[in-house]
Amino acid sequence: MNQNENPLNYLFFDEEPIDYREKIEKYVYHWKWFVVGIIVALACAYVYLRYTPREYLVTTTILVDDMKNGGLPSELMAFEDLGLISARRKTVDNEMGLLKSRSLMQKVVKEVGLNVTYYEEGRVQTSEVFQQKSPVKINFFSKDSTFYALDTTFRIRLTSKTNFTLINKLGIDVSSHAFGEKILTNMGALTVTPTNLKKLKGDEEVITVIKPLKAIANSYRSSLKMDLLYEKASLIELSLKTKVKLKGQIILDNLVNLYNKNAVEDKSLIANNTNDFINRRLEVIEKDLSSVDKGVEDFKITNKLTNIASEATLVLQTNSEIEKKIIELNTQLKLANYVTDYMAEHMDGLIPSNLGLADATVSVSGVQLNKLVIERNRLLKSSKPQNPIIVNLNSQIKELRGSIAQSLANLTSSLTISLNDAVYQENRMSSKITSAPKQEREFRDIQRQQQIIETLYLYLLQKREENAISLAATLPNAKIIDKADGSDSPISPKRNVVYMAAAMLGFMVPFLFFYLVFLLDNKVHTLKDIEAVLKAPFLGEIPKTAMDHKIVVNDTERGIVAEAFRMLRTNITFMLSNVKKEAKTIFITSTISEEGKTFIAINTAAVLALSNKKVLLVGADIRKPKINDYLKVTYDKGLTHFLMDNSLAIEDVIVHNKESNFDVLHSGIIAPNPSELLMNGRFEEVLAYGKANYDYVIIDTAPIKIVTDTLLLSNIADLFVYVIRANYLDKRLLEIPTKLYNEKRVNNMAVILNAVDIDRGVGYGYGYGYGYAYGENEQKPWWKKLF
């Protein structure tokens with residue numbers, strides 16, 4: 001019969017797209033491993049979260065006094081005309097740099113004592129304890145540069161509520177002491193005091209770690225983050241990650257407080273310098289004023305004067321106005337000289353400002369000079385003199401000082417000219433007072449000096465009070481909007497993220513494992529694997545059974561395997577429906593050994609015999625016979641004896657299998673030349689006898705890949721059954737049956753898929769609902785049932 005017209009070709013399907021459901025089901029079959037992987041991963045995540053130190057994020061928000069960007073409004077702008085409020089413009093970037101400066105952080109470390117850390121050792125991890133949560137506190141008597149350079153670790157073992165033992169980092173007991181006792185160590189003198197006597201236990205151990213000041217400060221500087229909350233505002237949020245939330249709050253609060261303290265000190269520097277200048281000048285002027293007053297007293301006593309009448313009203317009034325002008329000019333001239341002398345003595349410092357000089361340019365330039373000096377001194381705290389900004393400020397200061405000196409020189413020259421002119425006017429008026437006594441003129445000179453010094457004295461007293469108001473009204477740079485605080489839940493590790501990642505990892509590990517297994521798997525598993533290469537008709541699938549070395553078919557068996565063989569019998573009958581012979585010859589072979597061809601041959605014979613057919617099973621695999629392993633039938637001679645001994649009749653080598661009611665021609669002994677024996681013509685006699693006396697002749701042949709015995713006899717087969725074992729045969733070996741079928745080297749070829757794993761749900765599921773397969777009722781251990 002032509003293979004292309006085979007009645008079972010209807011079982012073929014056109015090439016279909018990728019079946020994603022089938023691919024997913026391959027993984028779903030191993031769902032238990034995915035569950036185990038996720039459970040193990042979640043358990044590991046729980047252990048990780050249980051023993052990993054938690055980190056908290058502590059934040060504080062401040063409003064920086066940055067007038068250019070809309071910072072703090074000043075409630076004291078009414079005093080601006082007195083020079084009490086600085087018109088200095090600050091940038092937020094500069095203030096952020098100061099907040100993160102090394103010097104400021106080192107002050108915080110010293111203030112809080114962050115270089116000394118206490119730890120409690122648990123069963124698994126060692127955790128930090130802070131301040132009152134630590135059972136003890138160490139007080140160092142001397143905190144000098146040597147102390148802040150220490151890098152050491154030691155333990156304090158509490159032996160009772162009153163005593164403790166110091167242990168060095170090697171675990172050796174050093175000495176025992178009482179709480180509060182002064183202890184002399186190589187770290188300096190110290191005392192250990194309990195933080196809470198009521199909660200103190202006698203069996204605790206505290207690990208004390210001392211780190212260098214610079215290392216701790218740099219560590220916290222790197223952890224400190226600052227962000228502008230809004231682009232055009234001066235709101236700065238400071239954040240710090242720490243394992244102890246209270247510790248982070250204290251660090252940020254102290255950082256802001258010390259920053260404000262430094263800012264107030266910087267703002268007060270101008271007022272303090274002005275106050276010192278005024279006080280020094282007042283001391284000199286007080287002496288001059290006392291001397292002038294003494295001169296007035298001596299003049300009146302010497303000349304015996306008590307009250308001198310004035311000259312003519314008009315002359316005296318004119319002369320009085322000129323004298324006032326001379327007094328004012330002398331005052332301005334002295335102030336100019338004072339400022340000039342002060343600048344000469346303090347070449348690189350601040351200068352007095354707002355002294356009331358007639359030249360407004362000098363006053364404005366003095367204020368600008370003081371602002372530049374203060375800004376340069378502030379930047380020098382966190383930068384080096386070579387910093388381009390500082391070099392630029394020094395250049396501006398030098399240029400401004402020169403400008404002020406030149407302005408003072410011009411002012412002095414102008415005042416001198418005005419004063420000379422006023423003296424000239426006064427001399428003219430004096431010449432008109434010819435009748436005034438000599439004492440009157442002398443008294444006027446003394447009184448003029450007295451008034452000049454007294455006016456200057458009162459002016460400086462007024463400026464001193466104004467400067468005191470400015471000093472008292474100094475505001476900090478930063479206003480605290482939100483005090484340092486942190487959330488109760490840690491930011492690291494994040495429980496949800498860790499559990500989610502663990503679950504994904506627990507899923508991905510078995511997924512990747514099975515993906516690699518499937519990727520590297522080159523075995524035939526399902527009918528689709530066969531159909532992708534081989535287009536031969538398909539007879540059916542035989543489920544995998546533990547009874548694969550026995551006959552599984554009888555008239556009472558209704559298991560899955562037995563039903564599969566009954567389905568196979570139906571398909572074989574259908575395949576042979578076009579064969580017009582009384583007896584049909586069926587060859588059964590496979591690619592390699594151990595694929596179950598003998599198992600298929602024996603049970604096919606049994607299932608055909610159940611339909612009241614006469615069946616002869618011939619063991620033509622005379623190289624590695626296995627039929628007797630299944631049937632356990634006693635025989636004297638077999639096929640090889642018949643092929644070698646021409647005197648033997650065929651009836652002499654055929655035995656009857658009573659258990660399954662079919663006849664068997666065993667393979668016999670293993671011959672040294674099996675191919676030659678099969679070609680000597682005696683095997684055709686076996687087939688002729690079978691066709692004459694039986695309905696079916698089933699021939700169990702040798703594997704195709706190993707030997708050529710099967711191909712030598714294949715031309716006489718009515719049906720050529722090719723057995724492929726699932727989960728065993730390499731897909732690359734499908735090339736052999738494919739070549740046989742395409743080249744039509746065998747007649748009426750069909751395929752059987754043996755040992756199909758029905759638990760995976762692949763195949764057609766023969767036998768579902770028809771009972772149980774052999775071995776299925778065996779009790780399995782719980783772990784086998786699970787995995």
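Because the structure is a prediction, the values reported are computed rather than measured. (Residues numbered from 1 in each chain as written. Predicted model: local features only at pLDDT ≥ 70, side-chain atom pairs only at ≥ 80, totals over all residues. Heavy atoms only, no water.)

Glancing now at the overall build of the protein. Secondary structure assignment for the protein yields 21 helices and 21 strands. When each of the 787 residues of the protein is scored for burial, the buried share is 45%. Counted over contacts in the protein with a minimum sequence separation of 6, partners at least 24 positions apart contribute 79%. (Helix = DSSP H or I, 4+ residues; strand = E, 2+ residues; numbered from the N terminus. Buried < 20%, exposed > 50% of the residue type's maximum accessible area, 1.4 Å probe, protein only. Contact = heavy atoms within 4.5 Å.)

A low pLDDT score tells you not to read the predicted coordinates there in detail. When the pLDDT values of the protein are averaged, the result is 80; 85% of them are 70 or greater. Per-residue pLDDT stays below 50 along residues 1-14; that stretch engages in 37 contacts with residues further than four places along the chain or on separate chains. Note on residues 68-89: pLDDT under 50 across the span, and 39 contacts to partners over four residues away in sequence or across chains. (pLDDT = per-residue confidence, 0-100.)

Our focus in this paragraph is helix H13 (residues 560-575). Each full turn of the α-helix corresponds to 3.6 residues, which orients residues three or four apart in the same direction. The end-to-end C-alpha distance of H13 is 22 Å, a good match for the 22 Å that 16 residues give at a rise of 1.5 Å each. Every buried residue of H13 is accounted for by Ile-560, Val-561, Ala-562, Glu-563, Ala-564, Phe-565, Arg-566, Leu-568, Asn-571, Ile-572 and Met-575. In this structure, the buried side of H13 is in contact with strand S14 (538-543), strand S15 (584-590), helix H14 (597-609), strand S20 (719-725) and strand S21 (749-756). (Expected span 1.5 Å × (residues − 1).)

A few words now on the sheet that holds strand S9 (residues 188-194). Pairing is antiparallel in the open sheet, where 3 strands are placed in the order S4-S9-S8. Lying at the two open borders of the sheet, with one neighbouring strand each, are strand S4 (136-140) and strand S8 (183-185). Neighbour-to-neighbour, the strand axes of the sheet open up by a mean angle of 35 degrees, direction not taken into account. Where S8 meets S9, 3 bridges bridge the pair, whose relative direction is antiparallel. Residue pairing across strands places Leu-184 opposite Ala-189, the latter belonging to S9. (Pairing = 2+ DSSP bridges. Axes fitted to C-alpha atoms, helices over the stretch in contact; angles between N-to-C directions.)

Okay, the pattern of salt bridges next. Going through the model one piece at a time under the given rule, you end up with 20 salt bridges. Between Asp-718 and Lys-581 there is a salt bridge, with the nearest N and O atoms lying 3.0 Å from each other. Separated by 137 residues along the polypeptide, Asp-718 in the loop between helix H19 (709-713) and S20 and Lys-581 in the loop between H13 and S15 bring together distant segments of the chain. Among the residues examined, Asp-718 registers a relative accessible area of 6% and is labelled buried. The partner of Lys-597 in a salt bridge is Asp-621, with the nearest N and O atoms 3.2 Å apart. Highlighted residues: Lys-597 in helix H14 and Asp-621 in the loop between strand S16 (615-619) and helix H15 (627-631), separated in sequence by 24 residues. Here Asp-621 falls in the buried class, since its relative accessible area comes to 6%. (Salt bridge = Lys/Arg side-chain N within 4 Å of Asp/Glu carboxyl O.)

In this section: unusual backbone geometry. That bond from Ser-492 to Pro-493 is cis: its omega, -5 degrees, falls within 30 degrees of zero. Secondary-structure assignment places Pro-493 in the loop between strand S13 (478-486) and helix H11 (495-520). The residue Asn-727 is not glycine, and still its phi comes out positive at about 60 degrees. Structurally, Asn-727 can be placed in the loop between S20 and helix H20 (735-742). In this structure, Ala-755 takes a positive phi of about 60 degrees despite not being glycine. Residue position: Ala-755 is located in strand S21.

Here we come to a nonpolar patch on the surface. A cluster of nonpolar residues, Ile-18, Tyr-20, Ile-24, Val-28, Trp-31, Val-35 and Ile-39, forms a patch on the protein surface that exposes about 740 Å² of accessible area. If you list the elements that add at least two residues to the nonpolar patch, you get helix H1 (20-28) and helix H2 (31-51). Along the polypeptide, Ile-24 turns up in helix H1. Using a relative accessible area of 52% as the deciding quantity, one classes Ile-24 as exposed. (Patch = residues over 30% accessible without salt bridge, like charges linked within 9 Å, V, L, I, M, F, W, Y side chains within 5 Å. Areas by Shrake-Rupley, 256 points an atom, 1.4 Å probe, with all protein chains shown as cover.)

To continue, consider the packing of aromatic side chains. For the structure shown, the criterion picks out 14 aromatic pairs. When the centroid spacing of 5.1 Å and the interplanar angle of 40 degrees are considered together, the rings of Phe-34 and Phe-507 count as tilted. Placement of Phe-34 in helix H2 and of Phe-507 in helix H11 is noted, with a sequence separation of 473 residues between them. By relative accessible area, Phe-34 is classed as buried at 8%. (Phe/Tyr/Trp six-rings, centres within 6.5 Å; stacked < 30°, edge-to-face > 60°.)

One finds Ile-62, Ile-138, Ile-156, Phe-164, Val-192, Ile-236 and Leu-238 to be the most contacted residues of the largest nonpolar core, which totals 55 residues. Sort the elements by how many residues they give to this core and helix H6 (residues 245-303) lands first, with 7 residues. If near-sequence neighbours (up to four positions away) are discounted, Val-192 is found in contact with Val-136, Lys-137, Ile-138, Ile-156, Phe-164, Phe-179, Gly-180 and Glu-181. Leu-687, Tyr-694, Ile-699 and Tyr-722 belong to the second largest nonpolar core, which has 47 residues in total. (Core = buried A, V, L, I, M, F, W, Y, C linked by side-chain atoms within 4.5 Å.)

Right, let's get into the environment of Gly-596. Among the structural elements, Gly-596 can be located in the loop between S15 and H14. Considering only alpha carbons, one finds Gly-596 and Val-723, 127 residues apart in sequence, at a separation of 7.3 Å. When near neighbours in sequence (up to four residues on either side) are disregarded, Gly-596 contacts Val-723, Arg-725 and Asn-754.

Right, let's talk about the packing of H2 against H11 for a bit. One can describe the packing of H2 onto H11 by two numbers: an axis separation of 8 Å at closest approach and a directional angle of 145 degrees. By crossing handedness, the relation of H2 to H11 is classed as right-handed. In contact with Trp-33, Phe-34, Gly-37, Ile-38, Ala-41, Leu-42, Ala-45, Tyr-46, Tyr-48 and Leu-49 of H2, H11 contributes Arg-495, Val-498, Tyr-499, Ala-502, Ala-503, Gly-506, Phe-507, Pro-510, Phe-511 and Phe-514. (Left-handed = near helix turned anticlockwise from the far one by under 90°.)

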